[in-house]
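Overview (structure and organization)
Residues per chain are reported as follows:
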Amino acid sequence: MTAFRLKDGGLIDRNSRLRFTFDGRAMTAFAGDTLASALLANGRMLVGRSFKYHRRRGIVTAGAAEPNALVTVGTGGRREPNTRATMLEMFDGLVAESQNRWPSLGFDIGAMNGLLSPMIAAGFYYKTFMWPAKFWEAVYEPLIRRAAGLGRAGYERDPDRFEKCWAHCDLLVIGAGPTGLMAALTAAWSGARIIVADEQARLGGALVNEREVVDEAAGSAWADGVAAELASMPNVTMLPRTTVFGWYDSNVFGAVERVQKHVAEPSPKRAVERLWRIAAKRAVLATGAEERPLVFGGNDRPGVMLGGAVRAYLNRFAVAPGARVAIATSSDAGYRTAQDLASRGVEVAAVVDVRAEAAPRDAAGARVVSGEIVATLGRRKLRAIEVSNAGKRERITVDAVAMSGGYSPIIHLACQRGAKPSWDERLNAFVAPATQEGLSIAGSAAGIYALAQCLQDGIDKASAALRLLGRTPAAVTRPAVEPRDDTSSAPSWRVGQVRGKAFVDFQNDVTIDDLGLAVREGYGHVELAKRYTTTGMATDQGKLGNINAAGIIAAARGKSIAEVGTTTFRPFYTPVSFGALAGAHRGKHFAPVRRSPLHRWAEKHGASFVEAGLWHRSAYFPRAGETSWRESVDREVLNVRRNAGLCDVSTLGKIEIFGPDAAAFLDKVYCNGFAKLPVGKARYGLMLREDGFVFDDGTTSRLGAEHFLMTTTTALAGPVMAHLDFCAQVLWPQLDVRFASVSDQWAQMAVAGPKARVILQEVIAQDISNQAFPFLGAAAVTALGSIGARLFRISYSGELAYELAVPARHGNAVADAIMRAGEPHGICAYGTEAMGVMRIEKGHVTHAEINGTVTPDDIGFGRMVSNAKDFVGRAMLRREGLVADDRLQLVGLKAAGDDRRIRAGAHLLARDAPASTANDQGHITSACYSPILGHHIGLAMLKGGRRRHGEQITVWDGLRGEGFDAIVGPPAFVDPENARLHV
Amino acid sequence: MSEPGDGASPATARLALLEGRAICLVLAAAAARDEIGMRLTTLAGQHGFSARWAGVDRWFVVATGEPGRLAATLQEALAGHASILDQSDGQVAIGIAGDSARATLAKGIALDLHPENFKPGDAAATRLGHVAIQLARTGADAFEILVPRSYAMSVWESLAEMAAEFGCEVQPIAID
Amino acid sequence: MRYSAFQILRQAFTGNRAWQPAWREPAPKSRYDVIIVGGGGHGLATAYYLAKNHGIRDVAVVEKGYLGSGNVGRNTTIIRSNYLLPGNEPFYEHSLKLWEGLEQDLNYNSMVSQRGVINLFHSDGQRDAFARRGNAMRIHGVDAELLDRDGVRAMAPFLDYDNARFPIRGGLLQRRGGTARHDAVAWGFARGADARGVDILQNCAVTGIRVENGTVRGVETTRGTIACGKLGLAAAGHSSEVAAMAGLRLPIDTHVLQAFVSEGLKPFIDTVVTFGAGHFYVSQSDKGGLVFGGDIDGYNSYAQRGNLATVEHVMEAAVALIPSVSRVRVLRAWGGVMDMSMDGSPIIDKTPIENLYLNCGWCYGGFKATPASGWCFAHTIARDEPHELSAAMRLDRFARGYPIDENGAGAQPNLH
Amino acid sequence: MASLIACPHCGIRPKEEFAIRGDAAPVRPAADVPASDDRWNAYVHLRGNPMGRHREFWHHAAGCRRWLIVERDTATHAVFAVIDAQDVALGRTAP
Ligand SMILES: Cc1cc2nc3c(=O)[nH]c(=O)nc-3n(C[C@H](O)[C@H](O)[C@H](O)COP(=O)(O)OP(=O)(O)OC[C@H]3O[C@@H](n4cnc5c(N)ncnc54)[C@H](O)[C@@H]3O)c2cc1C
Ligand SMILES: NC(=O)c1ccc[n+]([C@@H]2O[C@H](COP(=O)([O-])OP(=O)(O)OC[C@H]3O[C@@H](n4cnc5c(N)ncnc54)[C@H](O)[C@@H]3O)[C@@H](O)[C@H]2O)c1
Ligand SMILES: Cc1cc2nc3c(=O)[nH]c(=O)nc-3n(C[C@H](O)[C@H](O)[C@H](O)COP(=O)(O)O)c2cc1C
Ligand SMILES: [Zn+2]
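The paragraphs below set out a description of the structure included in this document. (Residues numbered from 1 in each chain as written. Chains lettered and ligands numbered in written order. Predicted model: local features only at pLDDT ≥ 70, side-chain atom pairs only at ≥ 80, totals over all residues. Heavy atoms only, no water.)

Let us look at the site of ligand 2. Residue and element names in this part refer to chain A. In the vicinity of ligand 2 lie 29 residues, with T179, D198, A206, V244 and Y449 positioned nearest. Here a nitrogen atom of ligand 2 and a backbone polar atom of E199 are 3.1 Å apart. For ligand 2, an oxygen atom lies 3.0 Å from a polar atom in the backbone of S444. In isolation ligand 2 offers 850 Å² of accessible surface; the protein chains occlude 93% of this area. Elements that contribute at least two residues to the shell around ligand 2 include exactly α3 (178-189), β14 (242-248) and α8 (451-468). For the shell around ligand 2, the leading source of residues is β14, giving 3 residues. Its residues assigned to classes, the shell around ligand 2 comprises 14 nonpolar, 12 polar and 3 charged. (Near = heavy atom within 4 Å. Polar contact = N/O pair within 3.5 Å; in protein donor to acceptor, adjacent residues only side chain to side chain. Areas by Shrake-Rupley, 256 points an atom, 1.4 Å probe, with all protein chains shown as cover. Helix = DSSP H or I, 4+ residues; strand = E, 2+ residues; numbered from the N terminus. Nonpolar A, V, L, I, M, F, W, Y, C, P; charged D, E, K, R; others polar.)

Right, here's the structure in full:
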């Protein structure tokens, strides 16, 4: 026989029939099924293959700990490998596939590995594959890697939407079983803001799976009632289908809600998964307890399930695991399974109780054997078990086994922040420390197993939490339940006699023997044993096997399980999709886009945009007929140098600084002086880090006696602001200075070229002649008759140039007006590329040179550095290494012979020196074709470079297979005397 | 049953670009730091603008009308006590209103926006997603955010996504 | 016991009962010629090379936890030698060369997999910086290739080329780079050192350092006082704490870096990829998990566990780079506490205290350095002078103004 | 840690709003006192880096833009106090 659907009962909707496929086979299910229950109802016992030996595997659990029933669901961009069939709500049209098998689930070549198992025991790969050395790369490793993993992920883009959400509450209740529901009710009635999260769609925890009576109703009906009441209260947020996966500092919990994972076609308006970051003043952990498997020979054969799972399939899904079931148990829970099976007319072949002195229990008429299972038999499915009973062996025909090895409180979350679990002799389980800030543990998660006590504990722990929050808990009475005492169990980490393989970790195929081997070889520490055997490292993270493993290791080492301890609990409680954790920040929303106020103007002129940090900047403006970016850039450069051009420089950081001590403050943050800068003047400033290296540069203008405007580079606008904040608040707190970023307020355009003045004069009201407004002037002006603007006579290109700033909303209009005024003079739009060419021609530095490792002197600004004042970086600038003779210094380069393309990133060698690290003399930082000079040029950092003007050196670019000689010169190629700036 | 987002019922979260706002940043002089809030509250009462705390020495003042006028008013009233920066072009104001306004914002803002913690009239400098913004509660279910202009389109798109499930349907905006 | 396929076969026939322990569990002696503090990769490799290269076998490695419980057992296993600066590149290249022969040398398969490391670039500026780095490698004779977008696409078609916020423009490839099995590195060096007579003392925390007249005499530990001739510190994230026991204040901050592994997948990514527009790097382990990481959490921490905000940040980068990974699930996250130095580069040196030697500052890049670090540190200890390959990695370089600052971030450890 | 930081000015905020600079203990040598190179080196490069109580500079970059001193435990991530760094620098608050 196989599993089958019972004719009646269960919490399924038999009127709602759903279709799904498994490995291409069409099957039906009912609403309320999981994929696992539906597969069982369809008689599918074999659902997967294990990782290493490719053993046939069936469904073991009815919940989150499932190690075997992992399937791939969905197609295309929604393909999802390794989905636990036990947690997947059935929906119409579901497509599922089994994994890790070839060619088919029924016949899998990989199962040959099982024959080799003595050779491929734990850690075998560390001991072989080493000879011949080449074989590792060529043969062994590819083989191992091909065997990797279980499911196959797709390469298609996920079409769905994900999002993140913050939530805040007084009390977070994790788990909505009887304990959690009572905790939630208590807190809700007390008026606290609460959130209830449970990973199941249906709330009630064990009540949904068991035949309990609460307040004279079926347990699941009672739970439905409580859940409905909670949902109706304004101070309660109910989060079903929400797994709390992590507990983080400050009592923040991470949770993921499966918003639309149970529907065939998700609505594009909603997320399919939502990440919750829950800031809870306190939390009650009511996550229940996990039943442990028993470790016996052949315990992995399809048909062997946990007892609790058998009851869940029977009671919740109306599915019987087989027609004749044996129960293997070390706890009283096994008898409950027998009773439930019998009540549904399923034959119980025997209850095999490993406890020698098992007290008589109600086995619903079934035979009770005091003994253990030695082996299971059957080829394609389970046919019988072999039981040893007081020295005798007996074969019992069965088609399913329900195993109950005692319970482990689910303390995962409580131990994610460093707390170590401790062994509880009475419970035979590891428990989490009861008192951790912000968290209380309640019900079965705290080792309380009787239903009545769980309900009461929910009330009590919530009440205590409320009191700690300064609230008066509402008086709540515990609902009435039938008294029943079936919680006792005896420790049993493995059975005594084993035939065949006895699995501790099902998914990773770790057996008793593997653990023994690890101990023998010196890997006996529980953490080493984990790593050597991989026990507990599969997708279920040892939820089922870890305690048995610890017990087996303890025995092998002759220690107690308490001494052996557990491995470390880490997020995630169950695996979480990358999508949920990334939320909406994907694709083009990975990072916000910053858009310049002149973006539209640039678009109109056909700009080609480029990402620069968060910005989209106009790089160049191709025109019809131009076939390469170089052609456009050359044209722009020549036009600016001959006529004029307009370039968007709005992205520069702009900081307005006020206060009586503003000048003194600038003196601290710049290495050159600002105190004497007259009102109406701009000055180039160099900012250092405290370690003496250049941090940023820019011009700062004095707009009033106590009013400055600083510009920073685009890239460092943020860091410079933070630095200024630090200087003002921490280093020189007594200075009366205040400042703010005004970067977004202004559209700023550079107007450069010999005709810049004539053009600009047409839009500016004030006289901007050379006399009225000389080089480095800075003034408030009026643009287009009425717009309050700021004009700076500064030049990056080396031409006569201005930067005009207007309130951002006027940016496009003013730029348009300038273009119109400039038309007769041949003005063009130019972008960052042409700007880059011109600054290289002029020998100006950017972050290609100011890369955090240069001193002012390295880039030719040594003389700017003040001797007369304290400033950030002054002291460390004196260090030996910062004034050494052989420092790299900024120079200009051009090919020695015929023109050669110079590329940034090439290195420099003394002429004819062989290429080696020792001979490396520097590198090229920036390079371009200079259309005005008609050849390529570069800026470079060269050892002692300033002394070497005129020298021929070798440009070495082994990476791109190039090399040629170049002549060193000063960095400024165009107008080194700065004549053009002053016209 | 119809719910917001299916097109049949009205949107419970609405986005609006709030144009015609004058926005100034007030930077208090060191000596005036403690009293500037009081002065601004009084001024706000007199002139009908809203003053929003933005840091220990700074406030955003938001009014309807001409940018220049607001700056001038503040300049005059606070001369010697504060520096005034016109940010009417630097900041873009976006309104979010409706029953689901709070739920929308919770998708990007970490602050607890429960009315017990964040009342009408309250303001905060914080982040929406990855962008630093200024948030103000202007009513029981109405909020305004100020976002630096260069980020405004990006933030608008994010808000539109966040509000979509609440029936909000908006077009992209162009701000430059 | 020598490991080989033949040995495996032989043992299989006797039920795998006769395998010997990979190392002894000796009781501490009262004195050793050399004590190494820290049973991570560097400490174990140092002991191994002290014995192997310098004939110094009276050595103990003192480890407070279990073997490899530190960063060697919790890193993302990337090995490469694609460094920029002359103080670094020859050292890391030597390390890669040692990796290439390590399994044979140790008779332990550390699964060195030279599957290639691609560092993506997304702008001209990044390309130029990578070109400079690639040339620094080539000038030292190390393999490096500058790939354009199509070149990257050919190797890693699953990256987002279409809608990425920061389009991929190319990458710097080192084909000889790759990964190695983290735990096996610790175990292999431990077994190799043990076989040469080194005592590996697990669960033995150093609690004090005895210094007399400016000379080290021994250590106090949770398993008693142990005298020594020389003392080498290789305590990674705990370097400041241990050095403080000898009165030294280091240019080190301890930061937590998280790493992650996904559920096991069939082969999905067959190289190592590093995102240039966000903090993210990924490879696939031989078991099938995607092993990946990103930026540090940013604050000083000894807690070996991280923050959710950082997790999200890493995942955002992951999905931005590989959109289809959205549907894959991450299984586990953990943290390691790292010794972040003021310039992002390591220190292998003598100290002002006689017979006390220091190995630290590995930041998040010290796994790849394991063999060379052991090699050079053993040399420094044995000869009382720096090895030429680590000659720039001096402790006084900060005071003297010779930082080895690969990315120019300056003296702020969390920016490196 | 420190998923949440209680800014003295803004209230409880997520870590993402802050930028962290590091150790708040070193004091910049004053300009008018001739500081030895050693003192400067110690200020710029050497760190106590304790396992346990530690004071760190955090910048509330996406909030009030104040530099704060966060006193916390580097082993447990407990936060003991968050104060305004300028108040400390001016001696208005005990460090
Ligand atoms: C998450 C993460 C990812 C990383 N990824 C990479 C990567 O991809 N590539 C790469 O090259 N590097 C990477 N690294 C860095 C690399 O792991 C480390 O730099 C390197 O492992 C440090 O050297 P180690 O192995 O000796 O350190 P560890 O393994 O940390 O060894 C130090 C040992 O000292 C012990 N110890 C400390 N104090 C005492 C004491 N008082 N007494 C006794 N023993 C003590 C510790 O317990 C520890 O075992 C990563 C690091 C982390 C944390
Ligand atoms: N007979 C026995 O020996 C025995 C032993 C243990 C438990 N039980 C019974 O089990 C019940 C225990 O009640 P309880 O309320 O403490 O636990 P429960 O198992 O009934 O409920 C726990 C709930 O927590 C949810 N959950 C677990 N981890 C979660 C996470 N990380 N995120 C979100 N949700 C999560 C689960 O989905 C489940 O609904 C009682 O009825 C008790 O009698 C019996
Ligand atoms: C390269 C690498 C791969 C890993 N793969 C897995 C894995 O497949 N499954 C797993 O559970 N843990 C895996 N881990 C994580 C370890 O379980 C563990 O979390 C990590 O070594 C840190 O130790 P700790 O969590 O005990 O502190 C891996 C770790 C590393 C470094
Ligand atoms: Zn703040």
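So, about empty space enclosed by the protein. Applying the stated criterion across every chain, the model contains 12 cavities of 30 Å³ or more. In this structure, the largest cavity encloses a volume near 410 Å³. Lining the largest cavity are 27 residues, and of these A:Q541, A:G542, A:K543, A:N546 and A:F569 sit closest to its centre. Broken down by secondary-structure element, the contributors of at least two residues to the lining of the largest cavity are β27 (407-409), α10 (526-533) and α11 (546-557) of chain A. Take the lining of the largest cavity: its biggest share by element is 5 residues, from α11(A). For the lining of the largest cavity, a count of residues per class yields 11 nonpolar, 11 polar and 5 charged. Volume-wise, the second largest cavity comes out at about 90 Å³. Forming the boundary of the second largest cavity are 13 residues, of which A:Y248, A:Q416, A:P571, C:R305 and C:G306 lie nearest the centre. Put simply, the parts of the chain that give the lining of the second largest cavity at least two residues each are β14 of chain A together with β16 (329-341) of chain C. Sorting elements by how many residues they give to the lining of the second largest cavity places β16(C) first, with 3 residues. The residue makeup of the lining of the second largest cavity, split by class, is 5 nonpolar, 4 polar and 4 charged. (1 Å grid on protein atoms, 1.4 Å probe; cavity = no way out; pocket = protein on both sides within 12 Å on 5 of 7 lines; lining within 4 Å. Points joined across faces, edges and corners; volume = space filled by probe spheres on them.)

This part takes up the interface of chain A and chain C. At the junction of the two partners, chain A supplies 121 residues and chain C supplies 114 residues. In terms of surface lost to chain C, no three residues of chain A exceed A:Y126, A:F578 and A:L959, which account for 9% of the buried area on that side. For the pair chain A and chain C, the interface holds 12 salt bridges. With its nearest N and O atoms 2.8 Å apart, the salt bridge here joins A:E880 to C:R400. Here 2 bridges tie strand β33 (residues 576-577) of chain A to β16(C), and the two strands are oriented antiparallel to one another. For A:S577, the partnering residue across the bridge sits in β16(C) and is C:R329. (Contact = heavy atoms within 4.5 Å. Buried area = accessible area lost by both parts, 1.4 Å probe. Salt bridge = Lys/Arg side-chain N within 4 Å of Asp/Glu carboxyl O. Pairing = 2+ DSSP bridges.)

Looking now at the pairing of strand β53 (residues 962-969) of chain A. Residues and elements named next belong to chain A. Inspection of the sheet shows strand β48 (residues 888-895) paired to β53 by 4 bridges, in the antiparallel sense. Across the sheet, residue L893 finds its bridge partner in β53, namely V968. Of the strand pairs in this sheet, strand β52 (residues 952-957) and β53 are connected by 6 bridges, and their pairing is antiparallel. Bridge assignment links D957 to a residue of β53, and that residue is E962.

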